[in-house]
Amino acid sequence: MHPALQGLITIALGVGGCLGYFWLSNQILDKVIFPPRGKDIGKNINRANLVRPWLFLFPALVALGLYLAYPVVETLRLSFSDRVAGGGYEFAGIDNYTQMVSEPKFWEALRNNFFWLLIVPAASTGFGLLAAQLTDRIRWGNIAKSLIFMPMAISFVGAAVIWKLVYDARPVGQEQIGVMNALWLWFGGEEPVTWLTVLPWNNIFLMVVLIWIQTGFAMVILSAALRGIPEETIEAAIVDGAGPFQIFFKIKLPQISGTIVVVWTTITLVVLKVFDIVFAMTNGQWETQVLANYMFDKLFRANDWGVGSAAAMVIMLLVTPILVWNVRNARREMK
Amino acid sequence: MDNIAGRKSALTWAVNISVAVLVLAWLFPTLGLFVSSFRTADQISTSGWWKAMFPSEQSLTLRAARPDTQVRDGDLYVIEGTLFTEGRGGEISAWGISSREVDAYVPGEVADLRKGGTVTVDAAGRYRMENTEPFEGSRGQRIFVTATTAPEFTFDNYRTVLFSGSTTDSMAKAFFNTLTVTIPATVIPIVIAAFAAYALAWMDFKGRALLIAVIVGLLVVPLQLALIPLLKFHNGIGIGKGYLGVWMAHTGFGLPLAIYLLRNYMVGLPRDIIENAKVDGATDFQIFTRIILPLSFPALASFAIFQFLWTWNDLLVAKVFLIDATGETTVMTNQIVELLGTRGGNWEILATAAFVSIAVPLAVFFSMQRYLVRGLLAGSVK
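Residues numbered from 1 in each chain as written. Chains lettered and ligands numbered in written order. Predicted model: local features only at pLDDT ≥ 70, side-chain atom pairs only at ≥ 80, totals over all residues. Heavy atoms only, no water.

Trainee: Sorry if this is basic, but what is going on with the confidence of the model for chain B here?
Mentor: Residue and element names in this part refer to chain B. On average, residues of chain B score 82 in pLDDT, and 94% of them reach the 70 mark or higher. At the low end of the mean pLDDT range in chain B sits helix α1 (residues 2–5), at 45; at the high end sits helix α11 (residues 297–313), at 89. Counting contacts from residues 1–6, a segment whose pLDDT is below 50, to residues more than four positions away or on other chains yields five contacts. (pLDDT = per-residue confidence, 0-100. Helix = DSSP H or I, 4+ residues; strand = E, 2+ residues; numbered from the N terminus. Contact = heavy atoms within 4.5 Å.)

The structure is reproduced here in structure tokens:
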């Protein structure tokens, strides 16, 4: 069957099936199991209302449980097991973890991830804040915002191609077609540089791609927060004789600190999972490995599911503080 | 505001210029790819794309007409013609007939051919080869020229990438595969999430707060954890790698954000409407389909855009759950990564392929930016 046709049938089945399920299960609940008539009418309505939320939630809960909750537990289990030849798994203790920490590539990935975590969220938030503050004050600000925000729509792979062209290097004597090398030679560089192989800067050059993508996100959120600042606080500062820089750093910044933290953590999450950029641009060569790509490498090249799972657990461990913090915030808001 | 007013014009200028620099810096890389996709391989490899708007000096390798086109002129055999193909043109500043000396002659000079005879080339690219013996061989004489050519753009790359049918370069199939992945993976989670969000927003039951907390937690669970268990699961139930698997995976991974966004939106809807409807005897199912769903359109659109962009741009999930050894089901992101490997230096193919895959998300982005921004704000500021 043609995949497009299969896709259409799947949409019809998926959407139709969901709607059918919801409608039918409600009908059965109301008409058959707890009909609102007879002597138990009040009791039946109450009982139906007790069951109904779970009818509405059921498909979502199944999908969430199967595709997100169960894998966390299963990956944890797999990280402590080894595949046995001929199928099946056996408990392997911490073998996978000891093997992982004995590999230099793992430490390289961990170290690089650490620098990614340090630099990318800070730079994206910084540039985003700058862009938000500046574009709010000019007439063509919305167009400028759109253009800075645009990389958000571009895939990591597309961005990798875009930046590979920027970093492209041609042999000495040929005309350079990458902007970086053209500028480098123009400013008096001796000979063209293959930027993606130069340690330790190549890591920075990869980070630039993600910063380029995430700045727009930071800008949009921070711009909304800046607009939400009460006008009176700024007017009062002006009356007191504060200059534009003082207003920004002493009045505005403290008032949007909560939003800055949110933006920072959101970008941190993206960084922890960064895979496509490294995969497409260097594939971890020249000491640019990161955890997510290390894990992919273990899974699908070395075919070692145990160590791959262990690497995934390391990523999970790094995410956990943000997870806890998010959940606590959400619970506080509900009260 | 006196103290600002005095310096206002200088500050405004500084702000305008800074924003212009920032926007240019952000636009420049994408622009490079866009411009490159309209240039020929020769143009790309001989001059930076930023020079594409101006006449450029290029070194070209061109060929004279084949020997079987020669004519007799008195007692001479002559091949005549113009080096540039129709529609192209240029000003030749130097030329040569050997790859070691590509600029040995200036226009108008006469060069001796290695196999006998002479050739001359003028500045406009017209050439004349003369010989007392007939010219032999099956291919035309190679002539190297250094020429200043006018800016020129071509759709050839797009023709190659979209319509050539070449198995390595073609993006046409990958385009449809991506579309096939994306649309069900966008529509199905919306339906499932909408019902769940309604329950979490407007129905009272035990454990509601806990469930919401769990969903907030699942929002940040890294995809990486799900890969191995789900691949095992898909193999176990017999769907293996394929569209069904990738649709299910995208649905599962998209649900937390969908439920979270939609619930936050639905909670904000006016309570009166829902209570009035209940008093009038509407069931929850009717309230949901007739009132909540239409009112939630902005939130639905926000999530739809997110999920569309995410599934369209995804590489990891497709690589793990969809693309098998035959490569029949490759998606565009994967195709581009493969091109990076096999065609690393062929920027005309790479740039065009990348731009084909970027074009759709960009169109969605620019036409529905409003909803995207609204969704972002609802998803993270709260």
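Trainee: I tried to follow helix α7 (residues 224–236) of chain B on my own but got confused; where do I start?
Mentor: Because an α-helix completes one turn every 3.6 residues, residues spaced three or four positions apart along the sequence face the same direction. A rise of 1.5 Å per residue sets the reference length of α7 of chain B, with its 13 residues, at 18 Å; its end C-alpha atoms lie 19 Å apart and thus fit the reference within 8%. The largest bend in α7 of chain B comes to about 25°, at Leu230 of chain B. Inspection of α7 of chain B places Gln224, Leu225, Ala226, Leu227, Ile228, Pro229, Leu230, Leu231 and His234 of chain B among the buried residues, and these make up the whole buried set. Residues of α7 of chain B that are buried sit in contact with α2 (41–79), α13 (291–300) and α14 (305–334) of chain A together with α8 (243–267) and α12 (316–321) of chain B. Of the residues flanking the end of α7 of chain B, it is Gly238 of chain B, one or two places downstream, whose phi is positive at about 90°. (Expected span 1.5 Å × (residues − 1). Bend = angle between axes of the 7 residues up to and from the residue. Buried < 20%, exposed > 50% of the residue type's maximum accessible area, 1.4 Å probe, protein only.)

Trainee: What exactly am I supposed to notice about the interface of chain A and chain B here?
Mentor: Many structure descriptions define interface size as the accessible area lost when the parts assemble. Facing 107 residues of chain A, the contacting portion of chain B comprises 108 residues. Summed over both partners, the interface of chain A with chain B buries about 9,700 Å², with 81% contributed by carbon and sulfur atoms. Between the two partners, chain A and chain B, sit one salt bridge. A salt bridge links Lys232 of chain B to Glu74 of chain A; the shortest N-O distance between them is 2.7 Å. (Buried area = accessible area lost by both parts, 1.4 Å probe. Salt bridge = Lys/Arg side-chain N within 4 Å of Asp/Glu carboxyl O.)

Trainee: Sorry, what's going on with the sheet that holds strand β6 (residues 118–121) of chain B here?
Mentor: Through backbone hydrogen bonds, the strands of a sheet pair up, either in parallel or in antiparallel fashion. Residues and elements named next belong to chain B. Pairing in this open sheet of five strands is antiparallel, and the strands run β2-β3-β7-β6-β5 from one edge to the other. Looking at the sheet topology across the chains shown, the edges are occupied by β2 (71–73) and β5 (110–112). Across this sheet, the average inter-strand angle for adjacent strands is 30°, counted without regard to direction. Sheet analysis places β2 next to strand β3 (residues 76–82), joined by three bridges and oriented antiparallel. Residue pairing for β3: Val71 is matched across the bridge by Val78. (Pairing = 2+ DSSP bridges. Axes fitted to C-alpha atoms, helices over the stretch in contact; angles between N-to-C directions.)

Trainee: I would appreciate a short explanation of the domain arrangement of chain A in the present structure.
Mentor: All names here are of chain A. On domain assignment, one finds that chain A holds domain 1 (3–79) and domain 2 (98–334). Put simply, the middle of domain 1 and the middle of domain 2, counted by C-alpha atoms, are 39 Å apart. On the domain 2 side, the residues contacting the five residues of domain 1 number five residues. Buried area between domain 1 and domain 2, summed over both chains or domains, comes out near 430 Å², and the portion from carbon and sulfur atoms is 83%. Contact with domain 2 buries area across many residues of domain 1, yet Thr75, Leu78 and Ser79 alone supply 71% of it, more than any other trio. (Domains from an automatic or database assignment.)

Trainee: Explanation requested: unusual backbone geometry in the structure shown.
Mentor: Across residues other than glycine, the phi torsion is negative in most instances, and most of the peptide bonds are trans. Residues and elements named next belong to chain A. Put simply, Leu199 and Pro200 share a cis peptide bond, and its omega is -15°. Inspection of the secondary structure puts Pro200 in the loop between α7 (179–186) and α8 (201–227). Phi is positive for Trp286, which is not a glycine, with a value near 50°. Secondary-structure assignment places Trp286 in the loop between α12 (276–281) and α13. Backbone geometry places Glu287, a non-glycine residue, at a positive phi of 55°. Counting through the fold element by element, Glu287 comes out in the loop between α12 and α13. For Glu287, a relative accessible area of 34% translates into the label partly exposed.

Trainee: Got a minute to help me understand the pairing of β3 of chain B in this structure?
Mentor: Residues in a regular strand point their side chains to alternate faces of the sheet. All names here are of chain B. Joining the antiparallel neighbours β2 and β3 is a turn of two residues, in which Gly74 adopts a positive phi near 65°. Where β3 lies against strand β7 (residues 126–131), six bridges are found, and the strand directions are antiparallel. Along β7, the bridge assignment pairs Ile79 with Met129.

Trainee: Sorry, what's going on with the packing of aromatic side chains here?
Mentor: Any aromatic ring pair is given by two values, namely how distant the centres are and how the planes are angled relative to each other. Counted under the stated rule, the structure contains 43 aromatic pairs over all chains. An angle of 65° between the planes, with centres 5.6 Å apart, marks the rings of Phe127 of chain A and Trp26 of chain B as edge-to-face. Pair noted here: Phe127 of chain A is in helix α4 (residues 104–135) and Trp26 of chain B is in helix α2 (residues 8–36), and the two residues belong to different chains. The exposure class assigned to Phe127 of chain A is partly exposed, which follows from its relative accessible area of 35%. We classify Trp26 of chain B as buried; its relative accessible area is 8%. Pairwise contacts between aromatic rings join Tyr21, Phe22, Phe56 and Phe58 of chain A together with Phe195, Tyr198, Phe285 and Phe288 of chain B into one cluster. A cation over a ring is seen here: Arg370 of chain B above Tyr371 of chain B, with NZ or CZ 4.9 Å from the ring centre. (Phe/Tyr/Trp six-rings, centres within 6.5 Å; stacked < 30°, edge-to-face > 60°. Lys NZ or Arg CZ within 6 Å of the ring centre and 35° of its normal.)

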